[in-house]
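The chain contents come next:
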Amino acid sequence: MPSEHSIRLRPVVEVDLAMFRRFATEPGLIGLDWTGFKDPQAPARRFATDSYLGAESGRLMVEVEDEQVAAGFVSWALRDFGGPTKHWEIGIALLPERRGHGIGWRAQAMLCDYLFTHAPLQRIQAGTHPENIAEQKSLEKAGFQLEGVVRACEFRDGRWCDGYLYSRLRNDPSPL
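Residues numbered from 1 in each chain as written. Predicted model: local features only at pLDDT ≥ 70, side-chain atom pairs only at ≥ 80, totals over all residues. Heavy atoms only, no water.

1. As for the pattern of salt bridges
- Summed over the entire model, instances satisfying the criterion amount to 13 salt bridges.
- Close ionic contact of arginine 10 with glutamate 63 constitutes a salt bridge, the shortest N to O distance being 2.7 Å. You can see arginine 10 sitting in strand S1 (residues 7-11) and its partner glutamate 63 sitting in strand S2 (residues 57-64), a full 53 residues away along the chain.
- By relative accessible area, which is 10% here, arginine 10 ends up buried.
- In this structure glutamate 63 comes out as buried when scored by relative accessible area, which is 8%.
- We note a salt bridge from glutamate 147 to arginine 123, for which the minimum N-O separation is 2.7 Å. Placement of glutamate 147 in strand S6 (residues 145-156) and of arginine 123 in strand S5 (residues 123-128) is noted, with a sequence separation of 24 residues between them.
- Assessed through its relative accessible area of 15%, arginine 123 is described here as buried.
- Each of the salt bridges in this network shares a partner with another, and the network as a whole consists of Arg8, Arg10, Asp16 and Glu63. (Salt bridge = Lys/Arg side-chain N within 4 Å of Asp/Glu carboxyl O. Helix = DSSP H or I, 4+ residues; strand = E, 2+ residues; numbered from the N terminus. Buried < 20%, exposed > 50% of the residue type's maximum accessible area, 1.4 Å probe, protein only.)

Put into structure tokens, the structure is as follows:
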């Protein structure tokens, strides 16, 4: 498999729900973000509500254009720090066979450009695990800057774990 594929972000369609069910029910498929089994019907209910294009959260599929196949998805959710100012928090989930081919950083950069184009928010943030070096590099390539360690922010594998917080601001240059 070549290291660089042409990708695009597209809305979720019904056939994509099978991938979402896999991420909810296959331990380890999502990597370090596995937090136990989830309701496999929840993706269909959300899709029926707003096709994953809600005002406060959503998902877009990451598609490898030359193969016309979904490699995973990107997500976003509206967050705040307790005041009136809001920001986006993004995430990504790629199928294991699609990782390490330059898809992730480009998909995250594309999502940031999309969100900055369509919403008047100043900040996009993303978190990752200290041991996930590949995602740290991906976020940096996508234009994010490391802000620091968020101590004991996640309960995973029976223990509290630290996280790394990254951000990209509207006036930061897009790497695309």
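2. Focus on the pairing of S6
- Sheet topology places S6 next to strand S7 (residues 159-169); eight bridges connect them, and they run antiparallel. The residue bridging leucine 146 from the neighbouring strand is tyrosine 166, located in S7.
- Once S6 ends, the chain turns through two residues before running back antiparallel as S7, passing aspartate 157 with a positive phi of about 55°. (Pairing = 2+ DSSP bridges.)

3. Quick notes on the packing of helix H3 (residues 103-118) against helix H4 (residues 133-141)
- Relative to each other, H3 and H4 sit at 45°, their axes nearing to 8 Å. By the angle between their axes, H3 is oblique relative to H4. The handedness of the crossing between H3 and H4 is right-handed. Here H3 contributes Gly104, Trp105 and Gln108 to the contact with H4, which in turn contributes Glu135, Ser138, Leu139 and Lys141.
- Split into classes, the residues belonging to the contact of H3 with H4 amount to two nonpolar, three polar and two charged. (Axes fitted to C-alpha atoms, helices over the stretch in contact; angles between N-to-C directions. Parallel < 35°, antiparallel > 145°, perpendicular 65-115°, else oblique. Left-handed = near helix turned anticlockwise from the far one by under 90°. Contact = heavy atoms within 4.5 Å. Nonpolar A, V, L, I, M, F, W, Y, C, P; charged D, E, K, R; others polar.)

4. Concerning the side chain of aspartate 16
- The residue aspartate 16 is located in the loop between S1 and helix H1 (17-25) in this model.
- Classification of aspartate 16 as buried rests on a relative accessible area of 5%.

5. Here we look at the nonpolar core
- Counting residues in hydrophobic clusters, the biggest one holds 26 residues, and the most contacted among them are Ile90, Leu111, Ile124 and Phe144.
- Elements with a contribution of two residues or more to this core: S1, S2, strand S3 (69-80), strand S4 (86-94), H3 and S5.
- If we skip the residues at most four places from it in the chain, isoleucine 90 touches Ser75, Trp76, Gln108, Leu111, Cys112, Leu115, Ile124, Gln125, Ala126 and Phe144.
- Listed in part, the 13 residues of the second largest apolar core include Leu17, Met19, Phe23 and Leu29. (Core = buried A, V, L, I, M, F, W, Y, C linked by side-chain atoms within 4.5 Å.)

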